[in-house]
Amino acid sequence: MEYLPVEVIGNILSRLGGARDVVIASSTCRKWREAWRNHLHALTFNSNDWPVYHELTRSRLEIIVTQTIFQTNGLRCLSIIMDDVDEFSAAPVIAWLMYTRETLRQLHYNVRTTPNINILEKCGRQRLEVLALAHNTITGVEPSYQKFPCLRSLSLSYVSISALDLSLFLTACPKVEALNLVSIDIVMSDPQATMEMTSNSLKDIYVEAISLDKIILEADSLEKLHLKDCTLEVFELVSKGSLRLLKIDDVSVIHLDIGESAENLEIVDVSNFTIMWSKFHHMIAKSSKLRRLRLWQVVFDDDDEAVDIETISACFPQLTHLSLSYELRETALHYGSQDSFQLENVAVLELGWTVISDLFSHWVAGLLERCPNLRKLVIYGVVSETKTHEECHTLANFTSFIWEFKIFSHLDWATRYMIFSCNCLFHISV
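Residues numbered from 1 in each chain as written. Predicted model: local features only at pLDDT ≥ 70, side-chain atom pairs only at ≥ 80, totals over all residues. Heavy atoms only, no water.

Draft legend 1. View of the confidence of the model for the chain. Per-residue pLDDT for the chain averages 86, and the proportion of residues at 70 or more is 89%. Contacts from residues 417-430, a stretch scored under 50 in pLDDT, to residues over four places away or in other chains number 33 contacts. (pLDDT = per-residue confidence, 0-100. Contact = heavy atoms within 4.5 Å.)

So this is what it looks like as structure tokens:
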């Protein structure tokens, strides 16, 4: 250890993360203390890492954080995550930010202060590349003054910001590629106004737990769009066809439009979502490069609708992974007027039931017949603890059906029944 260069020791200390662990390790010897002062790159203060954080008074905690940061030179990554801790005074927090701003590349900031601090003013015009803010209020964005010329990743969680300021914030980040918006409070001048976001560099956006009337996103380079647990009237994407991943999870939206962005889609993952199959299919029909399609626990807007497997075969010739789970009706057994169509490249098939029935067995059989090159089949299902005689008979028939296919097939099978009892959850693999 004595022959290790101080730069290497600095990298070792930086990987420890937690400030308490770093301080303890740096007390090993004089050389480690030198590495701590001059070659430490990352430092984290997280109230969940050390219970004592919650026992200290506010002033004592401010002193500890201040002394620790001020003993370092050249920090590149600073994380201050103070959940469930009393509000800090603004002065020491400003001192931490001003002391590190020249060298800082990443800032993860979750600190409540009195009064509120304008983080953009303290961190703008520097070389910050990653900025994650939580439980803060952002007001009065001035893109001509508060620029972030190097910022590539922006995350806002539980932040209060107006629609205009959010739009201006993106304008102030000309190189931002990843944007995460989680449970943010969007302040609108008019409840029915449209929130517009524009970015020529954005490639990845994740939006969670947001309720708005209308969102219009203009992002010519967008590759990944993930919406989760949102309630929206309208969501429109204006792009130039670079979108490769579309993921929708537990979203309520009346009008979803991705325009001409579907041509290069490779992955579509939709779950816990109400769809009108004709409109949804029309939206992604041009995705000839689609490799993965997942429609899980979806609900059809029309009772007579079902996923048209023949249409999937015709529109998505490169499809290799297909996952389907929805309430089955007789229409689900309609696989097209021609028996010749095949899902030639599907190698992995995942199917799920909400209620076990003979219809499910016929549905599975029909899909297997149309996947000649299938290598793996995974079936998910729920079996209640209390079963009627009819339910037991149906389950027995399905089990026999599974064994018949398993004996005469070379597939890699992963059939999973989830059996719920009072206290236990059992997994049975066949």
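Draft legend 2. Here's a closer look at the packing of aromatic side chains. In total, this model carries 10 aromatic pairs according to the counting rule given. Centre to centre, the rings of Phe88 and Trp96 are 5.8 Å apart; their planes meet at 90 degrees, and the pair counts as edge-to-face. The buried category is assigned to Phe88, whose relative accessible area is 1%. Aromatic pair Phe360 and Trp363: ring centres 5.8 Å apart, planes at 50 degrees, arrangement tilted. Of the two residues, Phe360 and Trp363 both sit in helix H10 (residues 358-369), 3 residues apart, roughly one turn of that helix. Among the residues examined, Phe360 registers a relative accessible area of 0% and is labelled buried. Overall, the relative accessible area of 0% leaves Trp363 in the buried class. Put simply, the rings of Phe300, Tyr326, Trp353, Phe360 and Trp363 touch in pairs and so form one group of aromatic residues. Positioned above the aromatic ring of Tyr145 is the side chain of Arg125, whose terminal nitrogen or guanidinium carbon lies 4.4 Å from the ring centre. (Phe/Tyr/Trp six-rings, centres within 6.5 Å; stacked < 30°, edge-to-face > 60°. Buried < 20%, exposed > 50% of the residue type's maximum accessible area, 1.4 Å probe, protein only. Helix = DSSP H or I, 4+ residues; strand = E, 2+ residues; numbered from the N terminus. Lys NZ or Arg CZ within 6 Å of the ring centre and 35° of its normal.)

Draft legend 3. Expanded view of the sheet that holds strand S16 (residues 231-238). If you walk across this open sheet you meet the 4 strands as S12-S14-S16-S18, and the pairing is parallel. Across the chains shown, the open sheet's two edge strands, defined by having one partner strand only, are strand S12 (194-198) and strand S18 (252-257). Along the sheet, successive strands turn relative to each other by an average axial angle of 15 degrees, direction set aside. Looking at chain direction, S12 and strand S14 (residues 211-218) are connected through 5 bridges and run parallel. Across the sheet, the residue bridging to Thr198 is Glu218, located in S14. (Pairing = 2+ DSSP bridges. Axes fitted to C-alpha atoms, helices over the stretch in contact; angles between N-to-C directions.)

Draft legend 4. Molecular detail of the side chain of Ser14. By secondary structure assignment, the location of Ser14 is in helix H1 (residues 6-16). For Ser14, the side chain forms a polar contact with the main-chain oxygen of Gly10, separated by 2.8 Å. When residues no more than four places from it in sequence are discounted, the contact partners of Ser14 are His39, Leu40, His41 and Ala42. (Polar contact = N/O pair within 3.5 Å; in protein donor to acceptor, adjacent residues only side chain to side chain.)

Draft legend 5. Spotlight on the sheet that holds strand S7 (residues 137-138). A sheet is described by the order of its strands in space; here 3 strands give the open sequence S7-S9-S11, paired in parallel fashion. Among the strands making up the open sheet, the edge pair consists of S7 and strand S11 (185-187). Pairing of strand S9 (residues 160-162) with S11, which is carried by 3 bridges, proceeds in the parallel orientation. By the bridge assignment, Ile161 is partnered in S11 with Ile186. In this fold helix H7 (residues 163-171) packs onto S7, S9 and S11, with an angle of close to 85 degrees to the strand it touches most, S9.

Draft legend 6. Helix H4 (residues 58-70), seen in detail. Between its terminal C-alpha atoms H4 stretches 18 Å, which fits the 18 Å expected from 13 residues at 1.5 Å a residue. Those residues of H4 not exposed but buried are Leu61, Glu62, Val65, Thr68 and Ile69. Within H4, the buried residues cover an arc of 135 degrees as seen down the axis, which keeps them to one side. Buried residues along H4 sit against helix H2 (19-26), helix H3 (30-38), strand S1 (42-46), strand S2 (77-81), strand S3 (88-89) and helix H5 (90-100). (Expected span 1.5 Å × (residues − 1). Arc of directions from axis to C-beta.)

Draft legend 7. Quick look at the pairing of strand S13 (residues 204-208). Direction of pairing for strand S10 (residues 178-182) relative to S13: parallel, over a ladder of 5 bridges. Paired with Ala178 across the strands is Asp204, a residue of S13. Pairing analysis gives 5 bridges linking S13 to strand S15 (residues 224-228), with the strands arranged parallel. Considered in S15, the bridge of Glu208 is made with Lys228.

Draft legend 8. Here's a closer look at the environment of Arg101. Note on placement: Arg101 falls in the loop between H5 and strand S4 (106-110). Considering only alpha carbons, one finds Arg101 and Arg76, 25 residues apart in sequence, at a separation of 8.9 Å. If near-sequence neighbours (up to four positions away) are discounted, Arg101 is found in contact with Lys122, Gly124, Arg125 and Gln126.

Draft legend 9. Geometry of the pattern of salt bridges. One pass over the structure, following the stated rule, counts 9 salt bridges. Across the salt bridge formed by Arg291 and Glu266, the nearest N and O atoms sit 3.2 Å from each other. Pair noted here: Arg291 is in the loop between helix H8 (277-284) and strand S21 (292-300) and Glu266 is in the loop between S18 and strand S19 (267-271), with a separation of 25 residues, a long-range link. Classification of Glu266 by relative accessible area gives partly exposed; the value is 24%. (Salt bridge = Lys/Arg side-chain N within 4 Å of Asp/Glu carboxyl O.)

Draft legend 10. Here's a closer look at the packing of H2 against H3. Running from amino to carboxyl end, H2 crosses H3 at an angle of 140 degrees, the nearest separation of the two axes being 8 Å. Here H2 is positioned oblique relative to H3, judged by the angle of their axes. From H2, Val22, Val23, Ala25 and Ser26 reach across to H3, where they touch Trp32, Arg33 and Trp36. The class makeup of the residues in the contact of H2 with H3 is 5 nonpolar, 1 polar and 1 charged. (Parallel < 35°, antiparallel > 145°, perpendicular 65-115°, else oblique. Nonpolar A, V, L, I, M, F, W, Y, C, P; charged D, E, K, R; others polar.)

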